[in-house]
Amino acid sequence: MSNPATLSTNVALDAVKTDITLDGPHGPRPKPFFTPRRIILYSILFVACLYYLFPLYVMITTSFKTMPEIRFGNIFAPPIEFTGEAWSKAWSSACTGLTCQGLSPGFWNSIKILIPSVIISTAVAAVNGYGLVNWKFKGSEIFFAVLIFGSFIPYQVMLYPLVMLTREMGIFGTIPAVIMVHTIFGMPILTLLFRNYFASLPPELFKAARVDGAGFWRIFFEVMLPMSLPIVVVALILQVTGIWNDFLFGVVFAGTQNLPMTVQLNNIVNSAQGTPEYNVNMAATMLTGLVPLIVYFVSGRLFVRGVAAGAVKG
Amino acid sequence: MTDASASERQESGTARYVRQLFTRNISAKIAATPMIVTVLVIFIGCTLWTIYYSFTNSRLLPTGTFVGLDQYTRLFGTSRWNVSVWNLIWYGVFSLSFTLVIGFLLAVLMDQKIRFESAFRTIMLYPFALSFIVTGLVWQWIMNPTLGLQGTMRNLGFDWFTFDWIARSDMVIYALLIAGLWQGTGFMMVLMLAGLRGVDEEIWKASRVDGIPTWRTYLFIVLPMMRGVLVTAVVLAGSGIVRLYDLVVALTRGGPGISSEVPAKYVYDYMFTAGNIGQGLAASTMMLLTVMIIIIPWAYLEFGGRGKKS
Amino acid sequence: MIDNTKTSVSIRNLSLSFGSVQVLQEMNLDVKYGEFIVLLGPSGCGKSTLLNCIAGLLDVTGGQIYISGKNVTWEEPKDRGIGMVFQSYALYPQMTVRKNLSFGLRVAGLPREEIDKRVKRASEMLQIEPLLDRKPANLSGGQRQRVAIGRALVRDVDVFLFDEPLSNLDAKLRADLRVEIKRLHQRLENTMIYVTHDQIEAMTLADRIAIMRDGIIQQLDTPHEIYNRPVNLFVAGFIGSPAMNFIKGDLKSRTFVADGVTLPIDHYAFQPGNEALNANAILGVRPEHVLVGEAANAVPVNFESEIEIVEPMGSDTIAWARIGTQEFTFRADAELNLEPGQKIRLGFDPARASVFDAASGERI
Ligand SMILES: Nc1ncnc2c1ncn2[C@@H]1O[C@H](COP(=O)(O)OP(=O)(O)OP(=O)(O)O)[C@@H](O)[C@H]1O
Ligand SMILES: [Mg+2]
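Model, not experiment: these values are computed from the prediction.

**Q** Looking at this structure, I do not really get the overall build of chain B. What am I missing?
**A** Each helix and strand counted, chain B has 14 helices and zero strands in total. Order of helices (α) and strands (β) in chain B, N terminus to C terminus: α-α-α-α-α-α-α-α-α-α-α-α-α-α. When each of the 310 residues of chain B is scored for burial, the buried share is 53%. Across chain B, the fraction of contacts at a sequence separation of at least 24, relative to all contacts at a separation of at least 6, is 67%.

**Q** Help me out: how do you make sense of the UniProt feature "domain: ABC transporter" (unreviewed entry) in chain C in this one?
**A** The sites that carry the UniProt feature "domain: ABC transporter" (unreviewed entry) are, in the present numbering, residues 9-239 of chain C. Taken end to end, residues 9-239 of chain C is 36% helix and 27% strand, and its first and last C-alpha atoms sit 25 Å apart.

**Q** It is not clear to me how empty space enclosed by the protein should be interpreted in this structure. Could you clarify?
**A** In this approach, a probe sized like a water molecule rolls over the atoms, and the result shows the empty space that is left. All chains considered together, the criterion is met by eight cavities of 30 Å³ or more. Computed from the structure, the second largest cavity encloses a volume of approximately 90 Å³. The set of elements that each furnish at least two residues to the lining of the second largest cavity consists of α5 (104-134) of chain A together with α2 (26-53) of chain B. Its residues assigned to classes, the lining of the second largest cavity shows nine nonpolar, three polar and no charged.

**Q** Even after reading the chapter, I still don't get the layout of surface pockets, so can you show me in this structure?
**A** Counted as a void, the second largest pocket has a volume near 780 Å³. As for the second largest pocket, its lining consists of 30 residues, and the residues nearest its centre are A:V251, A:L259, A:V263, A:N267 and A:S271. Elements represented by at least two residues in the lining of the second largest pocket include exactly α5, α12 (248-253) and α13 (261-270) of chain A together with α13 (263-273) of chain B. Split by residue class, the lining of the second largest pocket holds twelve nonpolar, 15 polar and three charged.

**Q** Got a minute to help me understand a nonpolar patch on the surface in this structure?
**A** Residues B:V37, B:L40, B:V41, B:I44 and B:L48 make up a contiguous nonpolar surface patch of roughly 400 Å² in combined accessible area. Position of B:L40 relative to the elements: it lies in helix α2.

**Q** Please explain the pairing of strand β6 (residues 82-85) of chain C as it appears in this structure.
**A** On a regular strand, each side chain points to the face opposite its neighbour's, so the side chains alternate between the two faces of the sheet. Residue and element names in this part refer to chain C. Side chains of β6 alternate between two faces, with I82 and M84 and G83 and V85 buried alike. Judged from the four bridges that link them, β6 and strand β7 (residues 159-163) form a sheet pairing that is parallel. Within β7, the residue paired with M84 across the bridge is L161.

**Q** Help me understand the state of the cysteines, please; the structure alone is not making it clear to me.
**A** Put plainly, two cysteines are in a disulfide when a covalent bond ties their sulfur atoms together. In total, this model carries one disulfide over all chains according to the counting rule given. Note on cysteine connectivity: A:C95 is disulfide-linked to A:C100, with sulfurs 1.8 Å apart. Given an S-S torsion of about 105 degrees, the disulfide between A:C95 and A:C100 has right-handed geometry. C:C53 carries a free sulfur, and the closest cysteine sulfur to it, the one in C:C45, is 13 Å from it.

**Q** Where do I start with the site of ligand 1 in this structure?
**A** All names here are of chain C. Near ligand 1, the surroundings consist of F18, V23, S43, G44, C45, G46, K47, S48, T49, E164 and H197. Here an oxygen atom of ligand 1 and a side-chain polar atom of S43 are 2.4 Å apart. Between ligand 1 and H197 there is a distance of 3.0 Å, counted from an oxygen atom to a side-chain nitrogen or oxygen. Considered on its own, ligand 1 offers 640 Å² of accessible surface; in the complex 57% of this is hidden by protein. Sorting elements by how many residues they give to the shell around ligand 1 places helix α1 (residues 47-55) first, with three residues. Partitioning the shell around ligand 1 into residue classes produces three nonpolar, six polar and two charged.

**Q** It is not clear to me how the packing of aromatic side chains should be interpreted in this structure. Could you clarify?
**A** How two aromatic rings sit relative to each other is given by the distance of their centres and the angle of their planes. Residue and element names in this part refer to chain A. Throughout the structure, instances matching the rule amount to 59 aromatic pairs over all chains. Pairing Y51 with Y52 gives two aromatic rings, centres 5.3 Å apart and planes at 55 degrees, and the pair type is tilted. Ring centres of F172 and F253 lie 6.2 Å apart, and the angle between their planes is 75 degrees; on these two criteria the pair is classed as edge-to-face. Here F172 is found in the loop between α7 (155-169) and α8 (175-200), whereas its partner F253 is found in helix α12, with 81 residues between them in sequence. On the accessibility criterion, F172 (28% relative accessible area) is partly exposed.

**Q** What am I meant to see in the domain arrangement of chain C here?
**A** Where the parts come together, the accessible area they lose is often given as the size of the interface. Residue and element names in this part refer to chain C. Once the domains are mapped, chain C shows domain 1 (7-231) and domain 2 (235-357). The gap between the C-alpha centroids of domain 1 and domain 2 is 38 Å. Listed as interface residues are 14 residues of domain 1 and, on the opposing side, 13 residues of domain 2. Between domain 1 and domain 2 lies a buried interface of about 1100 Å² when both sides are counted; carbon and sulfur atoms form 62% of it. Three residues, Q199, Y227 and P230, lead the burial of domain 1 against domain 2; their summed loss comes to 48% of the area buried on that side. For the interface between domain 1 and domain 2, the tally reads zero salt bridges. Between domain 1 and domain 2 we count five residue pairs in polar contact (both at pLDDT 80 or more) in total. Looking at the side of domain 1 that touches domain 2, the elements that each hand over two or more residues are α6 (199-205), β10 (216-221) and α7 (223-228). At three residues, α7 tops the list of elements feeding residues into the side of domain 1 that touches domain 2.

Basis of the calculations
- Residues numbered from 1 in each chain as written.
- Chains lettered and ligands numbered in written order.
- Predicted model: local features only at pLDDT ≥ 70, side-chain atom pairs only at ≥ 80, totals over all residues.
- Heavy atoms only, no water.
- Helix = DSSP H or I, 4+ residues; strand = E, 2+ residues; numbered from the N terminus.
- Buried < 20%, exposed > 50% of the residue type's maximum accessible area, 1.4 Å probe, protein only.
- Contact = heavy atoms within 4.5 Å.
- UniProt positions renumbered as here; feature names shortened; annotations may be inferred.
- 1 Å grid on protein atoms, 1.4 Å probe; cavity = no way out; pocket = protein on both sides within 12 Å on 5 of 7 lines; lining within 4 Å.
- Points joined across faces, edges and corners; volume = space filled by probe spheres on them.
- Nonpolar A, V, L, I, M, F, W, Y, C, P; charged D, E, K, R; others polar.
- Patch = residues over 30% accessible without salt bridge, like charges linked within 9 Å, V, L, I, M, F, W, Y side chains within 5 Å.
- Areas by Shrake-Rupley, 256 points an atom, 1.4 Å probe, with all protein chains shown as cover.
- Salt bridge = Lys/Arg side-chain N within 4 Å of Asp/Glu carboxyl O.
- Pairing = 2+ DSSP bridges.
- Disulfide = S-S within 2.5 Å.
- Near = heavy atom within 4 Å.
- Polar contact = N/O pair within 3.5 Å; in protein donor to acceptor, adjacent residues only side chain to side chain.
- Phe/Tyr/Trp six-rings, centres within 6.5 Å; stacked < 30°, edge-to-face > 60°.
- Domains from an automatic or database assignment.
- Buried area = accessible area lost by both parts, 1.4 Å probe.

In structure tokens:
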């Protein structure tokens, strides 16, 4: 009963609860709006928000400035000569140490990595979770427990053997290797997510389908999957942001031709020769951050649920 | 009749064994292979491989001969590694305490029936959606001594204003900290807020009736009731800190000099750029050891304790 | 031993444990073709577990299960010729009622016309035709349970398994569906094994009732026998509402002495061989078998008592009195207008009472 699996389950559940319990404050009763206490309260929150928003502001304004304006040295000032040049340069012609093609190849590489990785990792984890709940076999709980423990092992520990493994498989330095690694390291948290979800469904549903004669895949596709839309969305959000933001696996496994956007971005900003063009750098940074930001603003509350659950990944 | 049923029972017993081993739920077993292979080959196999080869003198290729603890002796004789470890310790202590304290304070503020709560939350959490590379590069620009915040303030006439941590080897760790907190505190706040809201509302009524001041209720009654969330928060923050890598690469590249190096970067650099695999493996084994030191007591407390109860 | 081929469902030495917890122990049960068996017992006694074993949803730890003479112990659920209805309905939420009904048939690969025909027949039988294109979320509880029954019906099976099918419904619907199930059984004449908590359901539906406790069948008999001749204290106390009075005392040469009150029970139908038994015993008397006032004088056992509490129930009244120092409940006609403090004569016919051994709890 009490094994590491249930234990990490609780961690995840605690985390997932975030979503459910976010509405309705429980603090003391509100007082009239403009008491000194309230004013202090809102002032603190306001200052905190400045801290959180300032980098975004700087990123955006800098990216629309010209270099002379930047050299003038006022990071607070909005752009006087509003120009999108830095953006187009960042996208198509900014130089890394090697080439001058901008971020666009990285963007497309990231897309090429993202789509299959997200689909495969989510699918594998969904099947795992379903199997763990409804088709237990001897030792399945132990495998799951090790899987969850494994998610706490630093990636660096498994990095080199994985390089050798992928090299052996002939996929090192190609996109399939990155996909494989994302699937592997996404597995613990996603499996946990799906396992908990399927465990929360009434077991009679599964039993009824068994009596109706349906087998493993049929129950999965016709009964379970149509009911798992909410958790699939959470998993997708989690994986899209996680895989898009990955740096380490991209830089190790993708090979120079397939570097994802984060790696390209770092190369443009940190290994470019000549005088740094801060507007281009910020435009490139903004471009790279755009995908997760869009996911964040569109998904809202679901994102909270996704990252809360995903944070177990550490 | 009894004989027949007895033999039948035996027969079905053997048949059962064979069937369970091979044919029963065959699809379920095939479907479980990715998980089983991942667990056995990656999480167990690769980890053991790394530990084993950390005792060899492998350089460009992992073919080295067994050299006992040599790699570890060299590791702790390397100043870059020692700097990395100390950086991680300092960063870890500050990061952990600040994220927890700031996260809790923000959560308490957010819990005061404020207006625009979801707007505040959206603003505080969005950095968490961004990658460490993006975070690092933005802050690198803000902390740029000549054109960033410091330069701006000086241009505006505040000559005394200094914010050049990124360029000072004694302060660079705090530069990392600022960027790290910017990215992670919002999430801590959300986690803590969930914890606060999970506390029974009756507690508030009771403490109001007893006339206990709000801050005391938060500190001495509510906080201890949030144990589960706090443990989660510490474990999450802790295992994130050990992996600190991308942020350093983007923000400081380990500089100035080696003053902001961290273990994860040491591992990567020795494995993939310096061609000294044995060193990299020994360093990563030390990282594994660190995580185990965090995880095992926690796991023991959580599941050892619960085991006794049930 | 009963020949397996002559029974619809036979359970032989069935055992099941979850880890170290033994839920079913060496169970034996034979169900005749067309019989309606009700499993009754306290929560957690293993009723659902037994049903799941019969359905093939749980792997047994030992023993065999035969359905229609075939050993199905290790068969898949679908190959056992059973249909199952669950308390929580377990309808597939994303499928319409029609899809729900036909899912099993589609899995089995039946031709379209055959599926349509069977769905039509079942939905007519259960009067759910107008609901066929709705999703389960848009049905009431009673309608959902009809659909769930229909899902078992279309599969044309020999054995129906019900796991508390009516427990989630309100009293009125429960009574309606109970009759419906009875009608269905009379019409289909197939075997039904039915788990319930509700004694009324058990009494009204069952050909035979199996009373279970801790994974062991205590008594398997007709409702009449279970009610009138419970084999032990557990069954006696479990069946009947208000519960049977248990009077502690001593059995000596066909008289029962409780707290100095002597009750001659020579009319009691002793189990063969127990007639001359002297033992610490417990006398069980059903509250509804107690006679009051004048009528009490006509039966062999009667005594004077004082009424302590009166609970009017409408048609009749439940009253508390004492026999010696022990509590004694009885049911009386409401017209008697009993009052607390009133002295009254109570009596019962020992032929309708039960006597149990105090040590073993077995019927004497
Ligand atoms: N999967 C399981 N693992 C461990 N124990 C179980 C499991 N399922 C049931 N049990 C235990 O087996 C016993 C019998 O359970 P079962 O569900 O058969 O009871 P029941 O008679 O149907 O009860 P109820 O009337 O409440 O439905 C219970 O003590 C229960 O705790
Ligand atoms: Mg049950």
